[in-house]
Amino acid sequence: MKKINLILAFIIFTSGAAAFADEAVVAEVTHTQLQAVTQDGYGTYAAGDKVTISGILLNAPEQILDPTPGSGDMGGEWQVYIQGEGDDHAGTALWLGQYYSKVSSSDDYKDEELLSELCRINRDPSTGYIFNVGDRIRVTGWYKFYKGKTNINEKHEKDSFFDFKIELIKPAAGLPQPEVVKLDELKDINDEYIFDAERLSGCEYYQSRLIRIENVEVIDPENWGSNGTITVMDSNGHTFPVRLGLGAGFTRYDCPAGKIDVVGIMDQESSGYLVCKDGYRLWVANYDGNSLVLTDRGYKRGNLTGDVNGNFKIDLDDVSEIIENWLKSVPGLCDCY
Ligand SMILES: [Ca+2]
Ligand SMILES: [Ca+2]
Ligand SMILES: [Ca+2]
């Protein structure tokens, strides 16, 4: 009897300790609060352990970083951007990677563990719905500042205590209209990035948000291709880097020529860790080959099943693209249990 009491006391004690450890302080914040920076561009937000934030999902994660286990320096990676709504003129990136031991004392995710994490964060926990571009979502998680952005992530810890959670608020709410921005709002007369620590103008104002740059030309089309970086230039000689995602369109279609518009997500990855006033770029996840706007409009013309390249006929070009990709699958989207 005494032994049973001891065991019971132990169970109560340990479950009480677990409950205590789960009590991370969660603060509901705006993107503007979370992304605030010093004069050097270093993140200042520090209240609370975890944050809850909501907004519109801007990208499909596998179209900008490769989730395949073991694929990159950090193994499989996953990243999305969420844009604030209404007066909350800011946005936040979410990141998850496989090889945390490269940047912390945590263990790495084994391949199978990474896949199950990807399956979890790609779906709304209560409905199983797979999140997509234009959904309104709510995220609760830990955060960490990295090269200009305060990201929601697992603080590079594999322990499930550091999991972030994504919930669906409204499916297919719709993408925000991209704000039209001129390159002279982002670059000064010396073609240097405009940095405003108040985040009310310049590159910071648009960080992690969808913007549109009009009437520019790609000056280095030789750098076109999946995961490449090209440079666009306006008629005043201002330039801006455009990082191309992993979308199949960058392989399938040629670099658009002449004057074009670009619709993408303003990203920052500064050259330094403590002074973060550079490293801005537009990130375009995919291109649909329309020739006038570097973007993926998300709607196809024609109704032909199997018209892989969207040229309104089915022939060997479509078949060869299918054969090239035969039996590939998307980690974190299929084979989830
Ligand atoms: Ca920044
Ligand atoms: Ca986790
Ligand atoms: Ca075709």
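Computed from a prediction, not measured in an experiment: that's the story for all the values here.

J.: How would you sum up the overall build of the protein chain? Please name residues and give values.
T.: What the protein chain contains, in helices and strands, is seven helices and 14 strands. Its C-alpha atoms give the protein chain a radius of gyration of 22 Å, near enough to 20 Å, the size a compact globule of 337 residues would have. A principal-axis box enclosing the C-alpha atoms of the protein chain has dimensions of 85 × 55 × 35 Å. For the protein chain, the proportion of its 337 residues judged to be buried stands at 45%. Nonlocal contacts in the protein chain, meaning residues at least 24 apart in sequence, comprise 65% of its contacts between residues at least 6 apart. A total of about 17400 Å² of accessible surface is found on the protein chain, and carbon and sulfur atoms cover 53% of it.

J.: I'd love a proper account of the environment of M266, names of residues and values included.
T.: On the secondary structure map, M266 appears in strand β12 (residues 260–268). Note on M266: relative accessible area 0%, which makes it buried. A sequence separation of 58 residues divides M266 from S208, and the C-alpha atoms of the two residues are 5.1 Å apart. Not counting residues up to four positions away in its chain, the partners in contact with M266 are L186, C203, Y206, Q207, S208, R209, I211, F240, Y280, R281 and L282.

J.: Summarise the side chain of H89; cite the residues concerned and give the values.
T.: The topology assignment puts H89 in the loop between β3 (77–83) and β4 (91–97). Residue H89 is classed as buried on the basis of its relative accessible area of 16%. A polar contact of 3.0 Å, which involves the side chain of H89, links it to the backbone oxygen of Y205.

J.: Pulling in residues and values, what's your account of the coordination of the calcium ion (ligand 1)?
T.: Ligation of the calcium ion (ligand 1) by protein atoms is provided by G148 (O), E204 (OE), E204 (OE), Q207 (OE1) and Q268 (OE1), these donors lying 2.2 to 2.7 Å from the ion. Site description for the calcium ion (ligand 1): donor spacing in sequence, G-x55-E-x2-Q-x60-Q. Taken together, the residues Q207 in the loop between α5 (202–206) and β9 (210–218) and Q268 in strand β12 connect sequence positions 61 residues apart. As far as burial versus exposure is concerned, Q207 and Q268 are alike and both buried.

J.: Residue-level account of the domain arrangement of the protein chain, with values.
T.: In terms of domains, the protein chain is made up of domain 1 (25–170) and domain 2 (179–294). Of note, the centres of domain 1 and domain 2, computed from C-alpha atoms alone, are 22 Å apart. Across the contact, 31 residues belong to domain 1 and 29 residues belong to domain 2. Interface area for domain 1 against domain 2, summed over the two sides, is near 2500 Å², with a carbon-plus-sulfur share of 55%. By the criterion of area lost to domain 2, the three top residues of domain 1 are Q63, H89 and K147, representing 29% of everything that side buries. Taken together, domain 1 and domain 2 are joined by one salt bridge. Those elements giving two or more residues to the side of domain 1 that touches domain 2 turn out to be β3, β4 and β5 (136–146). Here the side of domain 1 that touches domain 2 gets four residues from one element, more than from any other, and that element is β3.

J.: Quick one: what's the story with the state of the cysteines, residue by residue and with numbers?
T.: Under the defined criterion, the tally for this structure stands at one disulfide. Here C119 pairs with C336 through a disulfide, and the sulfurs are 1.9 Å apart. Because the sign of the S-S torsion sets the handedness, a value of about -80 degrees for the bond joining C119 and C336 places this disulfide among the left-handed ones. With C119 in helix α3 (residues 111–121) and C336 in the segment after α7 (316–324), this residue pair connects regions lying 217 residues apart in the sequence. Between C276, a free cysteine, and C203, which holds the nearest cysteine sulfur, the sulfur-to-sulfur gap is 14 Å.

J.: How would you summarise the environment of E185 if you had to cite specific residues and measurements?
T.: Tracing the backbone shows E185 in helix α4 (residues 183–186). Overall, the relative accessible area of 31% leaves E185 in the partly exposed class. A C-alpha to C-alpha distance of 21 Å links E185 and T92, two positions 93 residues apart in sequence. If sequence neighbours within four positions are ignored, E185 has contacts with V180, I194, G202 and Y206. Engagement of the side chain of E185 in a polar contact is seen with the side chain of Y206, the distance being 3.4 Å.

J.: Outline the pairing of β5, supporting the account with residue identities and numerical values.
T.: Where strand β2 (residues 50–57) lies against β5, seven bridges are found, and the strand directions are antiparallel. Within β5, the position partnered with G55 by the bridge is I137. Alignment of β5 against strand β7 (residues 165–170), held across five bridges, turns out to be antiparallel. Across the sheet, residue I137 finds its bridge partner in β7, namely L168. Two strands pair when backbone bridges link them, and β5 and strand β6 (residues 149–153) are joined in this way by five bridges, in the antiparallel orientation.

Thresholds applied
Residues numbered from 1 in each chain as written. Chains lettered and ligands numbered in written order. Predicted model: local features only at pLDDT ≥ 70, side-chain atom pairs only at ≥ 80, totals over all residues. Heavy atoms only, no water. Helix = DSSP H or I, 4+ residues; strand = E, 2+ residues; numbered from the N terminus. Rg over C-alpha atoms; globule rule 2.2 N^0.38 Å. Buried < 20%, exposed > 50% of the residue type's maximum accessible area, 1.4 Å probe, protein only. Contact = heavy atoms within 4.5 Å. Areas by Shrake-Rupley, 256 points an atom, 1.4 Å probe, with all protein chains shown as cover. Polar contact = N/O pair within 3.5 Å; in protein donor to acceptor, adjacent residues only side chain to side chain. Donors = N, O, S within 2.8 Å, 3.2 Å for Na, K, Ca; no water. Domains from an automatic or database assignment. Buried area = accessible area lost by both parts, 1.4 Å probe. Salt bridge = Lys/Arg side-chain N within 4 Å of Asp/Glu carboxyl O. Disulfide = S-S within 2.5 Å. Pairing = 2+ DSSP bridges.

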